[in-house]
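Listed below are the residues making up each chain.
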Amino acid sequence: MSVKLSKRLSSKKKKPLKDNAQSEVLLKLGLEEFWTTPLDPASMLDISTWTLENQAPLEPKDLPNTFLQRLWLLSPDARSPCCQLPSEALDSANKSAEEMINGFGGESQCAINPLDLVTAVFMSSNTFLQQEMTVRMLQCQFAVPLVLPNIDPEKPSRFLLWPLRGAVSQWTSHFPCTNRKVQKGVLASTCMPVVSCVKLGHCGVSKSQVLNNVISGLRSHSETFLHRGMDGGQLPRRLSNGLIEIGWCLPTGETDRDIFPVPVAICNLRGDASVHEKCLSLLCQASSAVVIFCGNLREKEKQLLAYCKDMASKVIVIDVSDMEKNENRVVGFVDQSLEEDMGLPEGSVLPGRDLNEEELADRLCDTLKYLLPDKLKHVTLEAAAKLAVELELNVDEEVVCKKAMATVEEMLKGLDEGSALFRQKQLPLQGASWSKLAEIEKEECKQKKEGKEIDSQLQKEKKDILVELSSYKMTPTMKIFTDALFTTDIVERTYFLSWMKLRLWMLQMEKQNSPQDLVTNQQTKGNNGMPEQSDELENGVNDNSEYSDSFCTDTSFEEEDIEDQPVNTELEVSEQQSEIGQESRHILQMSTEETIEPESQLKEHLESTQDAVIEQQLSEEKEIQGEEILENNGEQISDPISEDQNLRLESRENGTLSPEGKQLDGPELTLDMSHVASSAEQHMSIDASFEDQVPSCSEPFELHPFTLGLEHFLREMGLIFELTHISPGSGSHNVLRLPSLAADLILYGIPLELMDGDASNIPIRWLGCVFAELKRRLPQEQFRTRILTSLGGHHARNAEVLSALFGVKFPEGGRRSTRGVYMVTLCLPDNLRKDMECDFLMLIDVEGLCSMPLDNRINTQTCDNEMATVAAGLSDVLMQNISSHAGSEFETNFTVIVNALLRIKECGSMPTCHVLVQDEGINSILQASQLRRVSDMLQTETGDRGISNADNHYAKTTSCITSVKGPWYNASLTEPVDAQYNKAVLKLKQNLFGALKKCAAKSEASGLPEFAGRLFAVWDAVKAKSFSVGLQNTDIALAFSVLCTELSQWEDKFLEHMESWLMGPTKRIIDTKAKALDITIENDLLSELKDEAREEVKTEMDKLRSKVEANLMKDDHLKMYIETFKPILMSNMDDLQERVTEEIVQRLETVNESHCSSTQLKKFETSLEKVQESKLHALLENSKSTKHLLQDTELEEEFEDIWSNTLSNFDFRPSETDDITARVTDILRENLISRGLQKHIKKLEVTGQNQPTNFQVYDEHFGYRSRLKHMFEDNNRLQRIEAQQLACNIIDEYNQFVADKSSSPADFSDSFITEMLENVEKALKEKSMEIRSAFEVDLKVYLCSAACRDFQKQHDRYAKDRDLLTCINTTKGKYLAEFIYQLRKRDQCQRLAQTFTTMVIKPTVLDYIYRPLGKRIVEEIQGKSPQYLSQQAFHKSLLEELIREDRFESFIEYLFSYDSFRLRKIQETVVAHLSESTNLDKWRQHRLGEIVGKFAAAVSQTAEGTNGVLTDTKPLLERVCLTLERDGDIDVTRASLNGPLFSITTEWDRFITCLMELLAAMRLDLAQEFSQNVNINQLLQCLPIQPQDSIFNRVRGCGKQCPFCKAPCEVEEIEHEVHRVLLHRPKGMFPCESSSLFCISCPESMTQANLPENMDTQHMSVACRDLHALDPDWSISPEDPSNQTPNAYWRYVLARFNERFAKEYEQEPAKIPEEWKRITQEEALDSLKEAFLT
């Protein structure tokens, strides 16, 4: 897996894609190239391993990579088909991983159906990557493909058996209740009920949602099967129709939690089953029960339903048809007759038409629970694969796979006799001899170091062992193993290694699961009435009934077991490999017999010893075995990750394999049985202490089967080669090829064992040859390596952690008690090569640390310390892995790690440490903190701690600790992955890569020889025990840890003290205020404070050193190693003092500079604000006067002027001496070199020196030919003039360039010189002249010298305040926005104040002035003219005025427009009064002053406490109005405040200022208006109360007129009922018509003198009575005939204008008595006065 391949691992290439709808999906996803060359596990290097963050897909072609990345992170949204929109991609640039992945909304972003995405990736992957994906999908509780449709619909689908062989889990069945036990197994080989679900016809419910509800039950809802309710689920499926998915529902043993009492597999056929008949047939024959969702069926569906009933063991029909769409249905499940018609058993049809998905799931669960566990047959997927072949479906396990599996079975013959005996016979080099030889070599090294002679007894023992080993012959197992690895078929080798690891794991399960399961299966096997063609499926094999019981559990499932799993697989292989069939059956029998013995003996041993401690240890060991299942999920296939590189390397480098791939067979090697016997005797002589830990059995030293793994065979291979060097001539040619083979395996990602943890030894010669082979294959310059080590106890699952981070597969010591140090190398991508300055990342894994030994002769404490020391000594970055499951073993793990770090510190090197915590419990965090303190204490070099400033120093406690709660402890697939796992893994990977990048800054990466040298040097030191800390010393680690904890606390207090001390100098700096800008004062104060800081740090550190020395002397353990620890601790103290001093000094400088900069910034802002304020005022005044609102572009131009003027006038602090000449010279030098003008470099020496005033052109600037050509032209004069002119033009351009740059408010930049030189080159290129390069160089040197002079001034001005200037320029946009905002707000504020003044204040002021004015005018007129006090007086005055005026038109107006006439007379009176009045102006001015004063008082009262506060103006304005109404008794016109017009947010005091200014302006305007000549009519229109109307209403009367003569009623009483007229009018004054009452004479006409001759008095009385009857509201009585005076007025008028009346009315003049004509005007007036007096 370590190298990216150009050629993928595939058994054969596929044909090109056809052009159909299915292939379009691959094209859309960008997977077309992987159809012919599929993806393999090596692809995950680029896709996932080096990915440090979750990136959302931007287009459909990103979806496959995103799916795989998220799947490797076990992310729950891995199958999401949503793409991020481009706009969202820009917004999410700064988001976290979770936010980047989540938050996609809307169907428009879903590019494809998620099921098509999963199917497409599986189609584009080889079988080994499919297995990796399957394992991870099951961990995520996703359904996985079982049958994959072909992209060509005409070709058969593919049954995926190999990917499912990696699916392992554990479960606990509920039967029998008295003997529940944990079962473990490979799901593909385990007999269990399989329930398949298909659909016939159109269904309204979602079948997948129903199945999800069945699987999840009472637990949190899971999305095992994708369905239409998920993102993209509504999109049509193009590729996945015909796909069969499978998921498992496994019981945990908890009755209230489990759905089913036994494990159940659920298959789901996608699409309509009628279209995929082969898949339907497979499911019917291979399933325990078939659930059919029936929609609206037609004839074909009915036939298929009948076929299912005949073929399936059990059929459950769910009717989900739609009655409204059943017009074409043939079958309708509307009654119970279907069961009779179809011959279905009773209860097989479930009505679901009116049920939702949850209710259907409940019904289906109840039905299945009734059938479980004894009413459904149990089947295996292996047997289902055989049925698939019969149905002409493709099965992925082809000939190459079967061959490799058969090779494994052949190799593992004899393992059923016991792993210990197998190891003695087949792996003898790993026995006691190898361990004893290691002990002897260590003792020899120790004696050499001490200067002693080597003990002769040791030499004899060593010689005896070498003699014994020299007789070794390669065993059959190892010959098969090496031959299989030497094969040229890379795919076969990959199958071989994968199946070997899985087979060994299955043998482990046989030993762990109850041996009674097989017996129970044989005794209780029954007939469930299965169809004949499914017998093979139920029994596991078709032709061998002898072993049929081992392929499925008993039908009652009383005690579930998976003992038969390996047998099933083995027998399946034997059927296809006839030559080993009988041997496989023998293995089965032996395995069945052997499995009973160890368990019984173990029980007897526990009972005999009665040792609770030992029993607990054994139970813990059993738990470890039980926890290992899930972790093996990923182990099965990933060793040969990059197979094709082997081919590439071999073809390129001509390796040890011949071009034809043939092996050079050596002599057959066999083991001398005498040595086996002696070895067995050694194994049987077990110490008593070990007998207490491992149960005795009949076999000599019986080891648990799980202690045997692939790594033991690889270890044996290395020892075989090691033996050839110990005993020269004992090896064959094939043996000498083993290092080449090991190099191949390393390049494929298979770990190389660096140290044998069981024997505590390192095969130096073997590793040296392997490294030499690697060096030969990979050039040294391309093998720069960084080393990352995972170090933790056996509970910490180091292999699983590294697998989660990098996808590598180490031996899992936590599951098989493997002990050793292993390495894998990964080739880095180009971007990481540059960052980490290396080509390869080497991963080292320590397995089995502090675990229970398999051989008690080995001192595990010494071995653990040796392994940890070797691993730590090789590391650049050390990941200390803390497991939450370690419990009481933490102290042991802790001491081993601490001791290793102490020893490596003695060697002078120290890796960068990172602590990984696997849960966030308080114990784990405390343990991590303790380890961190020790690591920090040992990392004394500056930079090791990754500290760049004081903040990082104080935050270092959490900087090297990462928490990841991994899924490797989940023994069952039913346990969900932690929701934060994916983010935690990415964070851990980022932290580790960050640490590796920091290593690049500290040291160079080592090559392969250097790595080998480090390994051998550390091992030599370990063997010689060259460390002061002994390999068995545990007390010193704990004592040193306690001291580190105390020292950390002292450091924290010291840092707190320095923080407190720093507050004083900070206050002193701030108190200098403006003095800070004085350079002398600034430097003196800063220097004084720095000295004080150094002294304070030194004083406190001396106290700390004294405490440390006292503790070293006080502790007995530390006192013994004071020479070792004191330098470390003192170095740490020195480093701490140096760092803190540097940090405090730096912070003082920062505070001082910050204070100076802030002072400068405030000064600048004050200056800018002053200029801005002036400009704002001018712009607002201009806006008021011109009514023009400036646009933003105009305001930006105004602000630019303000900005430039402010910067140019600002007093920046002068810089210290900082000459720019060197910078300019360097830029010019690089320019000349880039242009190939290196020969003129010496001319740069004069750069910056005083230059001639003018640039001079010399002859050397022209070539010889040019001078010769122009020699007769006045000594080349014209050419020199032209060149001089060109130089002058360039110099002029330079001067303008300098002027432009100097005017800009910016410090000098190197880009100025670069730009200037480019301008020179451009000008010379444009002018075609025969000039040598010397001209260009001299001109550039001249201009650069001038630039040094010109730009030095600019640099000196800005250098000190460069950061301030940068800050100011950076925030220019903010100042501009604030400027525009202020103008807009002030303009808005001014406009609002103007609006308020116009709409509220001014109307209120005018109302206050003019409302009482009308009443005042009325009072003045009435006081001056009494006739306006009553109706009769006014009427009398009118009549008097009429008669004196003596105008006929006035009488006509009076008679016919009485009200208008009166009103006109009143109006004339009012106007005349106002024209004569002299107090009107004074009175208005007085009222104006009053109201303005009240407004000002109300505004001032409201403004209290609002200075500078942003507030909403509307509530405050309403408060102003309320205050005026309450205190000023003023009616304010505030209806306009109800709308949103006045609701703005502004500074109230600024608004008040604008308002008061407008109020004062309004007062001046009104005062000026009042002082001018008054237009009476306009004035009267302004009055709310019109005086003429008031007077008119006073004198109007009731308004009633006599019905006969139209004379007005003169009664003044209010609400009188009877009207009366004082003076009736004569008949002749009105036109007389026959139908009008005017023709009826009033009493005025009925006097005696006017009676006709034929009318007497009686008749007159009758007429009067008749008039009264006509209108009873009027009092009309005849006048006294003798009294003629009262009538004189109207008689006079009639006599005066009789002719005019007649003419006006166009009638004959009235006949009037002569005496009327003699009445005078005075008499008429007298009669008027007399009438109104009465």
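Bear in mind the structure is a predicted one, so any value in this text is a computation, not a measurement.

Undergrad: I would appreciate a short explanation of the overall build of the chain in the present structure.
TA: Broken down by element type, the chain carries 69 helices and 20 strands. Within the chain, counting contacts between residues at least 6 apart in sequence, those at least 24 apart form 81% of the total. For the chain, the exposed area adds up to about 74000 Å²; of that, 49% sits on carbon and sulfur atoms.

Undergrad: I keep staring at the environment of Ser740 and nothing clicks. Help me out?
TA: Along the chain, Ser740 falls in helix H33 (residues 738-747). Sequence-wise, Ser740 and Leu774 are 34 residues apart; in three dimensions their C-alpha atoms are separated by 8.1 Å. Here the side chain of Ser740 touches Arg777 through a polar contact of 2.8 Å, side chain to side chain.

Undergrad: Would you take a moment to explain unusual backbone geometry for this structure?
TA: Peptide bonds are trans in most cases, and residues, glycine excluded, mostly fall at negative phi. For the bond running from Leu372 to Pro373, omega is 0°, close enough to zero to count as cis. Within the fold, Pro373 resides in the loop between helix H14 (357-371) and helix H15 (381-390). A positive phi angle, near 55°, is found at Arg797, a position not held by glycine. Mapped onto the fold, Arg797 is located in the loop between strand S13 (785-792) and helix H35 (798-806). For Asp1446, which is not glycine, the phi dihedral falls at a positive 60°. Within the secondary structure, Asp1446 is located in the loop between helix H57 (1431-1445) and helix H58 (1448-1456).

Undergrad: Would you mind showing me how to read the state of the cysteines here?
TA: Disulfide: a covalent bond connecting the sulfur atoms of a pair of cysteines. For the structure on display, the rule yields zero disulfides. Of all cysteine sulfurs in the structure, the one in Cys863 sits closest to Cys850, which takes part in no disulfide; the separation is 9.9 Å.

Undergrad: Honestly, the sheet that holds strand S16 (residues 877-882) in this entry has me stumped. Any pointers?
TA: Sheet strands line up and pair through hydrogen bonds in the backbone, either parallel or antiparallel. Spatial strand order, S12-S14-S15-S13-S16-S17-S18: seven strands in an open sheet with mixed pairing. The open sheet has two free edges, formed respectively by strand S12 (752-756) and strand S18 (961-963), since each of these has just one partner strand. Adjacent strand axes in the sheet meet at a mean angle of 20° when their direction is disregarded. Direction of pairing for S16 relative to strand S17 (residues 912-917): parallel, over a ladder of six bridges. For Val877, the partnering residue across the bridge sits in S17 and is Thr912. Along the sheet, helix H44 (residues 1008-1023) contacts S12, S13, strand S14 (820-827) and strand S15 (840-847); its crossing angle with S12, the most-contacted strand, is approximately 15°.

Undergrad: Honestly, the pattern of salt bridges in this entry has me stumped. Any pointers?
TA: Pairing is possible between side chains of opposite charge, provided their charged atoms come close. Tallying each qualifying case throughout the model produces 65 salt bridges. The salt bridge partner of Lys413 is Glu410, with a shortest N-O separation of 2.9 Å. Residue Arg1447 is joined to Glu1445 by a salt bridge in which the shortest nitrogen-to-oxygen separation is 3.3 Å. Looking at Arg1447, the relative accessible area reads 37%, which means it is partly exposed. Through salt bridges with shared partners, a single network forms among Arg165, Glu382, Glu397 and Lys402.

Undergrad: Looking at this structure, how should I read helix H7 (residues 114-123)?
TA: Each turn of an α-helix holds 3.6 residues, which means side chains three or four residues apart point in the same direction. Counted residue by residue, H7 has ten buried out of ten residues, so it is predominantly covered. For H7, the set of buried residues is Pro114, Leu115, Asp116, Leu117, Val118, Thr119, Ala120, Val121, Phe122 and Met123. Considering only its buried residues, H7 is in contact with helix H1 (21-28), helix H2 (33-36), helix H4 (63-72), helix H8 (127-139), strand S1 (144-148) and strand S6 (244-249).

Undergrad: Looking at this structure, I do not really get the pairing of strand S7 (residues 264-269). What am I missing?
TA: Both faces of the sheet carry side chains from a regular strand, because those side chains alternate between them. With respect to burial, S7 is a largely interior element, six of its six residues being buried. Of the two faces of S7, the one lined by Val264, Ile266 and Asn268 and the one lined by Ala265, Cys267 and Leu269 are each fully buried. Where strand S5 (residues 194-200) and S7 come together, four bridges link them in parallel fashion. Opposite Val195, over in S7, you have Ile266 as the bridge partner. Bridging between S6 and S7 involves six bridges; their strand directions are antiparallel. Residue pairing for S7: Cys249 is matched across the bridge by Val264.

Undergrad: Can you help me understand the packing of aromatic side chains in this one?
TA: In this description, an aromatic ring pair is defined by two values, namely the gap between the centres and the angle between the planes. Evaluation of the coordinates by the stated rule reveals 28 aromatic pairs. Note on Phe481 and Phe713: the rings are 5.6 Å apart at their centroids and 40° apart in plane angle, and the pair reads as tilted. In this pair, Phe481 is assigned in helix H20 (residues 476-486) and Phe713 in helix H31 (residues 710-726), connecting sequence segments 232 residues apart. Residue Phe481 is classed as buried on the basis of its relative accessible area, which comes to 0%. Take Phe713: its relative accessible area is 0%, and that puts it in the buried class. Aromatic pair Phe1040 and Phe1125: ring centres 4.9 Å apart, planes at 25°, arrangement stacked. Note that Phe1040 is positioned in helix H45 (residues 1035-1071) and Phe1125 in helix H48 (residues 1122-1186), a separation of 85 residues in sequence. By relative accessible area, Phe1040 is classed as buried at 0%. Among the aromatic residues, ring-to-ring pairing joins Phe1448, Phe1451, Phe1456, Phe1697, Phe1701 and Tyr1705 into one connected group. Lys375 extends its terminal NZ or CZ atom over the ring of Tyr370, reaching a point 4.9 Å from the ring centre.

Undergrad: Before we go on, may I ask you to explain the sheet that holds strand S10 (residues 349-351) in this structure?
TA: One open sheet accounts for nine strands, arranged S10-S9-S8-S5-S7-S6-S1-S2-S11; its pairing is mixed. Each of the sheet's edge strands pairs with one partner strand only, and the pair in question is S10 and strand S11 (394-395). One ladder, built from three bridges, connects strand S9 (residues 315-319) with S10; its direction is parallel. By the bridge assignment for S10, Ile318 is matched with Leu350.

Here is what the cut-offs are and how they apply
Residues numbered from 1 in each chain as written. Predicted model: local features only at pLDDT ≥ 70, side-chain atom pairs only at ≥ 80, totals over all residues. Heavy atoms only, no water. Helix = DSSP H or I, 4+ residues; strand = E, 2+ residues; numbered from the N terminus. Contact = heavy atoms within 4.5 Å. Areas by Shrake-Rupley, 256 points an atom, 1.4 Å probe, with all protein chains shown as cover. Polar contact = N/O pair within 3.5 Å; in protein donor to acceptor, adjacent residues only side chain to side chain. Disulfide = S-S within 2.5 Å. Pairing = 2+ DSSP bridges. Axes fitted to C-alpha atoms, helices over the stretch in contact; angles between N-to-C directions. Salt bridge = Lys/Arg side-chain N within 4 Å of Asp/Glu carboxyl O. Buried < 20%, exposed > 50% of the residue type's maximum accessible area, 1.4 Å probe, protein only. Phe/Tyr/Trp six-rings, centres within 6.5 Å; stacked < 30°, edge-to-face > 60°. Lys NZ or Arg CZ within 6 Å of the ring centre and 35° of its normal.

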